[in-house]
Each structure stands twice: as structure tokens, then as C-alpha cells.
Amino acid sequence: MLARALTIVAVIGVTGAAVNRAAVPDPGVTRAALSELPFQIDDWNGQDSAPWPDDVIAKLGVDDYVNRHYVKDGRPIAVYVGYYGSQRSGDTIHSPQNCLPGAGWLAVDSGPQTIRLDDRSVSVARYEIAKGIDRQMVLYWYQGRGRIVSGEYANKAWLMLDAARYGRSNGGLVRLITPIVTTREAALADVSSFAAALLPRLSRHLP
């Protein structure tokens, strides 16, 4: 009972602090524009996709974004990275698991995916989708304020905690999509390899 009471008190305290800070603007952070993300990432060559219409940008509420295709040996990866300078006024990150079904894609499978880097491993979200005979493999994660988070609810919890502790609510979403042409294992290997090459380059864009 005591432990439960202490937990409730802690939650109330954090929530109260977050509410008190809600009226305070986020402090500015130093970051590189997403347009400066390299077009050459290891053996992957990138090219900008068509810019999104203004109404789409307004609906997303994003402050900065990049929308590209990277290709290696004819195998494409669609890359979207969106950055939010503040998530206090209703402009919050939309989960791909909400957006993609709205575009007609059906979920086939989902779960965590481990990306191995030189000095550590990180867990991201894996999401396999289908529309008719087309299949795609999706990896995505939330990044910002010094951490990488795979789950939507965990990201919201960290967002509230960081707003209370540091007064910061900035953050970003990274989404990678590749078509499943031969096998799901091959597609997953490709998109995971690209994620491992991309991740070390993102911290200057998503602080």
C-alpha cells in the first residue's frame, strides 16, 4: 500500500510540474536542419521526393521534415523524418500505426526490431503492412531529448517527464519503408541495415 501511495504521489507531482511548465515556451535548441542530412549514407544514394502540399504540412504540425528515397543496388528505402520544436499546443507526433491504415494499408505483423550499432543496440518498432498484393516493411522510432524510443505510449510518458524536468517537448519521428519484393526477411535486413547507417547521423538533427 505504501509503495502504491508513493507512486501516486510521484505521478501527481510530475503531472503538476508538467502542467505548471505548459505555459512556458520551450527553450531553443541548437540543431542542424533536416535538409542537411547527407544524400550519401554508406552505399545508399538519396534523392528528395516531391514536397508535401501545405495543407498536409499544416495537418502534421511539423516544424521541419525531410522526405527522400535512398537506393542501393536498385533496392529503395523511403525515408521520412519529421521534427517538432514543441509539442505543447496540440502539434504532437502522429504514429505510423495510425497514419498508414488511413492511407489504405492493412497491418500484417508488428513487433520490436533490434538495430545493432558499433557501440550499442537500440530497439525500434517494426510494422509490416499490405495493400492488395503489395507488401511493405516499415521501421520507425521516436527520437529527441537524448533518447530513442520505439513505443508511442512510452514516448508520451517520456515527453511528459522531460517537459516537467527540463521544460523541453521537442522531438522527432523517423520512418523507413521498403517494399517486400522477394522475402520479408530480405526486406527487413535491408531496412535494418539502412537504419544502422542512418541512426548515428541523426543526433545533430534531432537533439
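Above this text sits the structure in question.
Conventions used here
Residues numbered from 1 in each chain as written. Predicted model: local features only at pLDDT ≥ 70, side-chain atom pairs only at ≥ 80, totals over all residues. Heavy atoms only, no water. Phe/Tyr/Trp six-rings, centres within 6.5 Å; stacked < 30°, edge-to-face > 60°. Helix = DSSP H or I, 4+ residues; strand = E, 2+ residues; numbered from the N terminus. Buried < 20%, exposed > 50% of the residue type's maximum accessible area, 1.4 Å probe, protein only. Lys NZ or Arg CZ within 6 Å of the ring centre and 35° of its normal. Pairing = 2+ DSSP bridges. Core = buried A, V, L, I, M, F, W, Y, C linked by side-chain atoms within 4.5 Å. Salt bridge = Lys/Arg side-chain N within 4 Å of Asp/Glu carboxyl O. Expected span 1.5 Å × (residues − 1). Polar contact = N/O pair within 3.5 Å; in protein donor to acceptor, adjacent residues only side chain to side chain. Contact = heavy atoms within 4.5 Å.

(A) Region of interest: the packing of aromatic side chains. The final tally for this structure, using the stated rule, is six aromatic pairs. Centre to centre, the rings of Trp 44 and Phe 194 are 5.4 Å apart; their planes meet at 80°, and the pair counts as edge-to-face. With Trp 44 in strand E2 (residues 44-48) and Phe 194 in helix H5 (residues 184-198), this pair connects stretches of sequence that are 150 residues apart. Judged by relative accessible area, Phe 194 falls into the buried class, the value being 0%. What links up through ring pairs into an aromatic cluster is the set Trp 44, Tyr 70 and Phe 194. The positively charged end of Arg 68 is found above the aromatic ring belonging to Phe 39, 3.7 Å away from the centroid. The ring of Trp 158 has Arg 147 sitting right over it, with the charged end atom 3.8 Å from the ring centre.

(B) Structural detail: the pairing of E2. Inspection of the sheet shows strand E1 (residues 40-41) paired to E2 by two bridges, in the antiparallel sense. The residue bridging Ile 41 from the neighbouring strand is Trp 44, located in E2. Counting the residues that bridge the hairpin from E1 to E2 gives two residues, and of these Asp 42 lies at a positive phi of roughly 50°. Here four bridges tie E2 to strand E3 (residues 64-72), and the two strands are oriented antiparallel to one another. Bridge pairing in E3 places Asp 48 opposite Arg 68.

(C) Spatial organisation of the nonpolar core. Judged by nonpolar contacts, the single largest core of 30 residues is most densely connected at Ile 115, Trp 141, Val 174, Leu 176, Phe 194 and Leu 198. Elements with a minimum of two residues in this core: E3, strand E4 (75-84), strand E6 (121-131), strand E7 (134-144), strand E9 (171-179) and H5. Formed by 17 residues, the second largest nonpolar core is a distinct cluster that contains Ile 93, Trp 105, Ala 125 and Tyr 140.

(D) Focus on the pattern of salt bridges. Following the criterion strictly, the structure yields 14 salt bridges and no others. Notably, a salt bridge pairs Glu 36 with Arg 204, separated by 3.6 Å at the nearest N-O pair. Of this pair, Glu 36 sits in the loop between helix H1 (2-21) and E1 while Arg 204 sits in the segment after H5, and the two are 168 residues apart along the sequence. For Glu 36, a relative accessible area of 47% translates into the label partly exposed. With a relative accessible area of 45%, Arg 204 lands in the partly exposed category. One salt bridge connects Arg 126 with Asp 109, and the closest N-O pair in it is separated by 2.9 Å. Here Asp 109 lies in strand E5 (residues 106-116) and Arg 126 lies in strand E6, a separation of 17 residues in the sequence. On the basis of relative accessibility, which here comes to 32%, the residue Asp 109 falls in the partly exposed class. In the salt-bridge network here, residues are joined through shared partners; they are Asp 109, Arg 126, Glu 128, Arg 184 and Glu 185.

(E) How the structure looks around the pairing of E3. Bridge analysis of E3 against E4 gives nine bridges, and the strand direction is antiparallel. Opposite Val 71, over in E4, you have Pro 76 as the bridge partner. The loop that links E3 with its antiparallel partner E4 comprises two residues; one of these, Asp 73, has a positive phi angle of about 50°.

(F) Highlighting helix H4 (residues 152-166). Over its 15 residues, H4 runs 20 Å from end to end, which matches the ideal 21 Å to within 8%, given 1.5 Å per residue. Inspection of H4 places Asn 155, Leu 159, Asp 162, Ala 163 and Ala 164 among the buried residues, and these make up the whole buried set. Immediately beyond the C-terminal end of H4, within one or two residues, lies Gly 167, with a positive phi of roughly 75°.

(G) Spatial organisation of the side chain of Gln 113. Mapped onto the fold, Gln 113 is located in strand E5. Within the structure, the side chain of Gln 113 is placed 3.4 Å from the side chain of Ser 192, a separation counted as a polar contact. Not counting residues up to four positions away in its chain, the partners in contact with Gln 113 are Val 122, Ser 123, Val 124, Arg 126, Leu 139, Leu 188 and Ser 192.

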